[in-house]
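# Coordinate inspection notes
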Amino acid sequence: MTETLPTAPEAAADAAAVAASDPGPAVESLDTIVSLAKRRGFVFPSSEIYGGINAVWDYGPLGVELKNNVKRAWWRAMVQERDDIVGLDAGILMHPQVWVTSGHVESFSDPMVECATDKRRFRLDELPGTEDLTESDKRDPGIVERLGLKCPIDGGPLSAPRHFNLMFRTHMGPVEDDGAVVYLRPETAQGSYVNFKNVAQSMRRKLPFGIAQVGKSFRNEISPGSFVFRMREFEQMEMQYFVRPAEASRIFEEWLPRRWRWYTRYGVAERRLRFREHAPDELAHYAKKAVDVEYRFPFGWKELEGIHNRGDWDLGRHQAASGENLEYFDPQANESFVPWVVETAGGPDRAAFTFLIDAYREEEVRGEKRVSLALHPELAPYKVAVLPLLKKRPEIVQLCQRLVTDLRRDVMAVYDDTASIGKLYRRQDEIGTPWCVTVDVESLEDAAVTVRDRDTMMQERISVEQVHRFITDRLAAARQGEPAA
Ligand code: GAP
């Protein structure tokens, strides 16, 4: 077959079309976010005083607030606002047979190559020149030769790809023999499958219904990186929706816009999101169909969340291997069957990272650079900062303390007097605090304070008595809108 090659102008037009459809990242350089995250207490390298440990990150005082808010927002949309989904918190360690049955022991692996000279290891599909690799290419032992791939560091020869299982193994009990091998879970999903019957019976659930979980997962990634995008220890927010087989395709399609809307509801720009369907040979071992919600990160379009039609793979396999009957009796149709699963699989690390990037703003205000994080108020680490204009006046400081103590009954509020008011505003802008309340000398006379809005920088004067109500009303208004899921 003769291949028709594009002419130079056609190729240029194609490249221009690709560029035109690329909205570009919200922030050009990842370093901007990494440095803000470290400087302002969002994320630190793990065990930094010992030189760090690859692909593990610690959330600092503001990062833990942001991530908890992301998890709370997900839980609210997936569990609290719905009557068909319930929560679960299964163990990280599970019976080792779970991972044999699920297919992870056999198939949860990535193709790895090793450089003969410097012994560095790389994920085959992340080497330069492998952008269009298919799944069958990844299994081709001659692929390195065929594509002429070399070590990207020293140009040395690379080995043929070897499949490397991503699960961390450990031992249960004091004796390190093979009989006691257990795995750190690589996904939360299996905890929901093995508890399907417990949940359905104890909560008297009828199909369709879902089980939601948030928790740690672990993967021994070959080439982790891009900050918290790919870590070895991370968290997942996964929901398994159990359905009648005939309804699986329709329900799968319904979850796509719901999950998209959750990200836009919390501030991610539509133009930096897209859906990408997996090609048949790219599908995970359990999936019948998979669509990723992708985000335009500074390092390209990457998966933010996956939505999968897993068929009866999971419950069917667990039923066969455990001998437990996991069928559902449908009283309407008077028949029993193994439910199918539609899964939404995301993670708070990647989501928080995305919200941070997409909220980043730089602008010039009166000749100075202003950096702000336009985070949705529900996600912002602090909802309000209370600031004294003159910290030398004890009455002003006392009024600030009274306000902050009162606000803390309902929201995360902070008091700061360690700089001039201009600097204090900039600091709160940079960590995304939506409102600053300033107490000045006049406040002592008129019992009123100034509230400044992070995004518009507009200020308004309200009475001291109104402050608590003002903040909680604004928060409630920001939270309103159509239910996300
Ligand atoms: N149960 C299906 C499953 O685990 P996945 O696409 O492998 O699917 C789901 O993972 C989500 O978990 C991803 O979209 C991502 O948000 C998060 N995730 C997966 N691996 C991760 C890693 N190494 N670091 C951070 N987040 C990760």
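Remember, predicted model here, so these are calculated numbers, not experimental data.

A count of helical and extended segments in the protein gives 16 helices and 23 strands. Projecting the C-alpha coordinates of the protein onto the three principal axes gives extents of approximately 80 × 65 × 55 Å. Burial status across the protein gives 50% buried among its 485 residues. Put simply, of all contacts in the protein between residues at least 6 apart along the chain, 66% involve residues at least 24 apart. As displayed, the protein has an accessible area near 23,500 Å², and 50% of this comes from carbon and sulfur atoms. Positive and negative side-chain charges of the protein, numbering 64 and 76 respectively, have mean locations separated by a distance of 4 Å.

Let's shift gears to the domain arrangement of the protein. In terms of domain boundaries, the protein breaks down into domain 1 (8-100 + 167-356), domain 2 (109-165) and domain 3 (382-480). Inter-centroid distance (C-alpha atoms) of domain 1 to domain 3 is 37 Å. Contacts between the two partners involve nine residues from domain 1 and, on the opposite side, seven residues from domain 3. Among the residues of domain 1 in contact with domain 3, Arg40, Leu62 and Glu65 are the three that bury the most area, contributing 54% of the side total.

Where helix 3 (residues 61-80) contacts helix 12 (residues 348-359), the axes come no closer than 9 Å and their chain directions differ by 110 degrees. Compared by their axis directions, helix 3 and helix 12 come out roughly perpendicular. Here helix 3 and helix 12 pass one another in a crossing that is right-handed. Along its contact with helix 3, which presents Leu66, Lys67, Val70 and Lys71, the element helix 12 presents Pro348, Asp349, Ala351, Ala352, Phe355 and Leu356. Taken together, the residues of the contact of helix 3 with helix 12 sort by class into seven nonpolar, no polar and three charged.

Okay, the sheet that holds strand 21 (residues 435-439) next. With mixed pairing, the five strands of this open sheet are ordered in space as 20-19-21-22-23. Every interior strand has two partners, whereas the edge strands, strand 20 (413-415) and strand 23 (459-463), have only one. Neighbour-to-neighbour, the strand axes of this sheet turn through a mean angle of 25 degrees, independent of strand direction. Bridge count for strand 19 (residues 384-388) against strand 21 is five bridges, and the pairing is parallel. When the sheet's bridge partners are listed, Ala385 is paired in strand 21 with Cys436. In the packing of helix 13 (residues 394-407) onto the sheet, the strands contacted are strand 19, strand 20, strand 21 and strand 22 (448-453), and the crossing angle to strand 19 comes to about 170 degrees. The strands touched by helix 14 (residues 421-430) within the sheet are strand 19, strand 20, strand 21, strand 22 and strand 23, with strand 19 carrying the most contacts at an inclination of about 170 degrees.

Right, let's get into the site of the ligand. Neighbouring residues of the ligand: 22 residues in total, closest Glu187, Met231, Glu238, Glu303 and Glu343. A distance of 3.4 Å is found between a nitrogen atom of the ligand and a backbone nitrogen or oxygen belonging to Phe229. Between an oxygen atom of the ligand and a main-chain N or O atom of Ala345, the distance comes to 3.4 Å. Contact with the protein chains hides 94% of the accessible area of the ligand, taken as 560 Å² for the molecule alone. Going through the elements one at a time, strand 10 (233-243), strand 13 (300-311) and strand 16 (340-346) are the ones with two or more residues in the shell around the ligand. Per element, the largest residue contribution to the shell around the ligand is five residues, and it comes from strand 13. Looking at the shell around the ligand, its residues break down into eight nonpolar, four polar and 10 charged.

A separate point is unusual backbone geometry. Put simply, Leu207 and Pro208 share a cis peptide bond, and its omega is -5 degrees. Mapped onto the secondary structure, Pro208 falls in the loop between helix 9 (196-202) and strand 9 (209-218). For Ala55, which is not glycine, the phi dihedral falls at a positive 70 degrees. Within the element layout of this structure, Ala55 appears in the loop between strand 1 (43-45) and strand 2 (57-59). Residue class for Ala55 comes out buried when judged on its relative accessible area of 9%.

Once that is clear, we can look at the pairing of strand 22. Among the six residues that make up strand 22, five are buried, leaving the element largely enclosed by the rest of the structure. Summarising the sheet, strand 21 and strand 22 pair through four bridges and their orientation is antiparallel. Pairing of Trp435 across the sheet is with Asp453, part of strand 22. The loop that links strand 22 with its antiparallel partner strand 23 comprises five residues; one of these, Met457, has a positive phi angle of about 60 degrees.

The rules we used
- Along each chain, numbering runs from 1 in the same order as the chain's sequence is written.
- The model is predicted, so local features are restricted to residues of pLDDT at least 70 and side-chain atom pairs to those at 80 or more, both for listing and for counting; the totals for chains, interfaces and linings are taken over all residues.
- By convention in this description, side-chain values take in all heavy atoms of the structure and omit both hydrogens and water.
- Each helix is a run of DSSP H or I of at least 4 residues and each strand a run of E of at least 2, with the numbering of both proceeding from the N terminus.
- Type-normalised accessible area, obtained with a 1.4 Å probe on protein chains alone, sets the label of each residue: buried when under 20%, exposed when over 50%, and partly exposed for intermediate values.
- Contacts: residue pairs with any heavy atoms within 4.5 Å of one another.
- The method behind every accessible area is Shrake-Rupley, applied with a 1.4 Å probe, and residues are considered shielded solely by the protein chains displayed.
- Two residue types count as positive, namely Lys and Arg, and two as negative, namely Asp and Glu; His and chain ends fall outside the count.
- Taken as the charge location is NZ of Lys, CZ of Arg, CG of Asp or CD of Glu.
- For the domain bounds, the source is a domain assignment made automatically or taken from a database.
- Once two parts are put together, the accessible area they lose, assessed with a 1.4 Å probe and summed over both, is termed the buried area.
- To get an axis, fit a line to the C-alpha atoms, keeping to the stretch in contact for a helix; angles then go from 0 to 180 degrees between the N-to-C directions.
- Here roughly perpendicular refers to angles of 65 to 115 degrees, roughly parallel to angles under 35, roughly antiparallel to angles over 145, and oblique to all remaining angles.
- Throughout, a crossing is termed right-handed when the near helix is turned clockwise from the far one, and left-handed when it is turned anticlockwise from it by less than a right angle.
- Gly is placed with the polar residues, together with every amino acid not listed as nonpolar (Ala, Val, Leu, Ile, Met, Phe, Trp, Tyr, Cys and Pro) or charged (Asp, Glu, Lys and Arg).
- A pair of strands is labelled paired if DSSP reports no fewer than 2 bridges between them.
- Residues are labelled near a given molecule or strand when at least one of their non-hydrogen atoms is within 4 Å of it.
- Polar contacts here mean pairs of N or O atoms no more than 3.5 Å apart (in protein, one a potential hydrogen donor and the other a potential acceptor; neighbouring residues in sequence count only if both atoms are side-chain atoms).

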